[in-house]
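One-letter residues, chain by chain:
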Amino acid sequence: MTGNEKLRVTLLFLALLALPAASGAMANEKRITLSENLSVTEIEKDVFIITHSFPWPSNSLLIRVSNSDCILVNTLCDNQGARMLVDWVQNNFGEVNLIGINTGFHVDNLGGNEFLLSKGIAVYGSNLTAKLITERGQAEKSRLLEGFKSPENKKYYDAYKDLTFVPPNRIFDINEGLHLKIGDEDVNVFYPGPSHTIDNVVVYFSKRKILFGGCMIKSLDSKDAGYTADADMQKWPRSVEKLLSIYKDAKIVVPGHGDYGDTGLIKHTIELLDKINNQSAK
Ligand SMILES: [Zn+2]
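These figures come from a predicted structure and were not determined experimentally. (Residues numbered from 1 in each chain as written. Predicted model: local features only at pLDDT ≥ 70, side-chain atom pairs only at ≥ 80, totals over all residues.)

Enquirer: Got a minute to help me understand the sheet that holds strand E1 (residues 30–35) in this structure?
Expert: As a general point, the strands of a sheet are linked pairwise by backbone hydrogen bonds and lie either parallel or antiparallel. As summarised here, the arrangement of the eight strands in space is E1-E2-E3-E4-E5-E6-E7-E8, forming an open sheet in which the pairing is mixed. Strands with a single pairing partner mark the edges of an open sheet, and in this sheet they are E1 and strand E8 (170–172). On average, each strand axis in the sheet is inclined to that of its neighbour by 20°, with strand direction left out of account. Strand direction decides the pairing type here: strand E7 (residues 122–126) and E8, joined by three bridges, are parallel. Within E8, the residue paired with Ser-126 across the bridge is Phe-172. In this fold helix H5 (residues 127–147) packs onto E7 and E8, with an angle of close to 95° to the strand it touches most, E7. (Pairing = 2+ DSSP bridges. Helix = DSSP H or I, 4+ residues; strand = E, 2+ residues; numbered from the N terminus. Axes fitted to C-alpha atoms, helices over the stretch in contact; angles between N-to-C directions. Contact = placed C-beta atoms within 7 Å.)

Enquirer: Which parts of the structure should I look at to understand the pairing of E7?
Expert: In regular strands, side chains alternate between the two faces of the sheet. Here E7 lies mainly inside the structure; four of its five residues are buried. Looking at chain direction, strand E6 (residues 97–101) and E7 are connected through three bridges and run parallel. Bridging across to E7, Gly-100 finds its partner in Val-123. (Buried ≥ 20, exposed ≤ 12 C-beta atoms within 10 Å, placed from the backbone.)

Enquirer: Whenever I open this one, the sheet that holds strand E13 (residues 252–255) confuses me. Can you help?
Expert: Strand order in this open sheet of five strands is E9-E10-E11-E12-E13, and the pairing throughout is mixed. Here the strands that pair on one side only, and so sit at the sheet edges, are strand E9 (178–182) and E13. Taking the axes of each pair of neighbouring strands and ignoring which way they run, one obtains an average angle of 15° across the sheet. Pairing analysis gives four bridges linking strand E12 (residues 210–214) to E13, with the strands arranged parallel. When the bridges of E13 are listed, Phe-212 appears paired with Val-254.

Enquirer: Is there a simple way to think about the nonpolar core in this case?
Expert: Generally speaking, a soluble globular protein has its nonpolar side chains buried in company with each other. Counting residues in each nonpolar core, the largest one holds 72 residues, and the members touching the most others are Ile-71, Val-203, Leu-211 and Val-253. Sorting elements by how many residues they give to this core places H5 first, with five residues. Residues contacting Ile-71, with those up to four places away along its chain left out, are Ile-63, Val-65, Ile-99, Ile-101, Ile-182 and Val-187. (Core = buried A, V, L, I, M, F, W, Y, C linked by C-beta atoms within 7 Å.)

Enquirer: Help me understand the packing of helix H7 (residues 235–246) against helix H8 (residues 264–281) in this model?
Expert: Contact geometry for H7 and H8: axes closest at 9 Å, N-to-C directions at 160°. The angle between H7 and H8 falls in the class roughly antiparallel. Two packed elements cross with a definite hand, and for H7 against H8 that hand is left-handed. Of the residues in H8, those touching H7 at Trp-236, Pro-237, Val-240, Glu-241, Leu-243 and Leu-244 are Ile-266, Thr-269, Ile-270, Leu-273 and Asp-274. (Parallel < 35°, antiparallel > 145°, perpendicular 65-115°, else oblique. Left-handed = near helix turned anticlockwise from the far one by under 90°.)

Enquirer: I'm lost on H8 in this one. Help?
Expert: Along an α-helix, residues three or four apart share an orientation, since each turn contains 3.6 residues. Its 18 residues give H8 an end-to-end C-alpha distance of 26 Å, which sits within 8% of 26 Å, the value for a rise of 1.5 Å per residue. All of the buried residues in H8 are Leu-265, Ile-266, His-268, Thr-269 and Leu-273. Summarising the axial view, the buried residues of H8 lie within an arc of 160°, below the 170-degree limit, and thus occupy one face. Looking at H8, the residues exposed on the side facing more than 90 degrees away from the buried face are Gly-264, Glu-271, Asn-278, Gln-279 and Ala-281. Where the residues of H8 are buried, they touch E12, H7 and E13. (Expected span 1.5 Å × (residues − 1). Arc of directions from axis to C-beta.)

Enquirer: Honestly, unusual backbone geometry in this entry has me stumped. Any pointers?
Expert: Glycine aside, a negative phi is what most residues show, and trans is what most peptide bonds show. The peptide bond linking Phe-54 to Pro-55 adopts the cis configuration, its omega dihedral lying at -5°. Examined against the element boundaries, Pro-55 turns out to sit in the loop between strand E3 (47–53) and strand E4 (57–66). A positive phi is found at Leu-76, a non-glycine position, where the angle reads about 70°. In this structure, Leu-76 sits in the loop between strand E5 (69–73) and helix H2 (79–93).

Enquirer: Sorry if this is basic, but what is going on with the confidence of the model for the protein here?
Expert: Segments scoring low in pLDDT should not have their predicted coordinates read at a detailed level. With 90% of its residues at a pLDDT of at least 70, the protein reaches an overall mean of 92. Taken together, the stretch residues 10–24 has pLDDT below 50 and engages in nine contacts with residues farther than four places along the chain or on a different chain. (pLDDT = per-residue confidence, 0-100.)

Enquirer: Looking at this model, I keep getting lost on the packing of H5 against helix H6 (residues 154–161). Mind explaining?
Expert: To characterise two packed helices, one gives the angle between the axes of the helices and the distance between these axes. It is the contact of H5 with H6, at a shortest axis distance of 9 Å, that shows an interaxial angle of 160°. Viewed along their axes, H5 and H6 adopt a mutual orientation that is roughly antiparallel. Along this stretch, H5 crosses H6, giving a crossing that reads as left-handed. Contact with H5, carried on its side by Lys-141, Leu-144 and Leu-145, involves Tyr-157, Tyr-160 and Lys-161 of H6 and no other residues of that element. Split into classes, the residues belonging to the contact of H5 with H6 amount to four nonpolar, no polar and two charged. (Nonpolar A, V, L, I, M, F, W, Y, C, P; charged D, E, K, R; others polar.)

Now the structure itself:
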């Protein structure tokens, strides 16, 4: 290679690096800050990723499926976050019907249930999720409070101290899943088997080809499996594998934490978990 060719290759390489990544914030996205720990990002028309950092950045997905209906997958981390989001929805879209869906029994899947239910908003969840919330909600809350005992975490301690883990009020059988037809949108809730928890489900909006993978799907920059105390590490990658064939047409995949992307997130999750399992088997 001549010096000139080398320079050209280097410049091309640098230009490729400068391209926006396939996931995360794209140039045309609108990000709105509702509070220091709550943001709403419109990733395409009527599709919003809500990131509630309380304290760990956690994703919910809000889709305006018709002029009068919105669906919220994961109900934020606490009641205050849910209240701010509902206010924002009403200010922007008027008095719409809002429906919540819980994708598991951890707090980042259901923290706003109490507020939503008090407003008459229906929240869907599986029978297993409802059972785990009832049986283990109090222990989950104690575990959270234990972690927030130091003075710098006082605001989290105070918020979670008053939080009640409330189960969803519209229950479906986890093995049958759930299908909702609202406006033009088909919403499918599917359980692929045990993963990050034994009850995590995914939600697919088939018209828009958007899959909310939740906590069973890791973002591309995840280097470890995260909090795994309730995980089934052996079955997790096999469960996620099912998503690859069922949702091969998905164009957007949203993880429970971190940047969204495409089906590459599903592949990354399988590779990461297989690697972790292989290492711990040695
Ligand atoms: Zn999570």
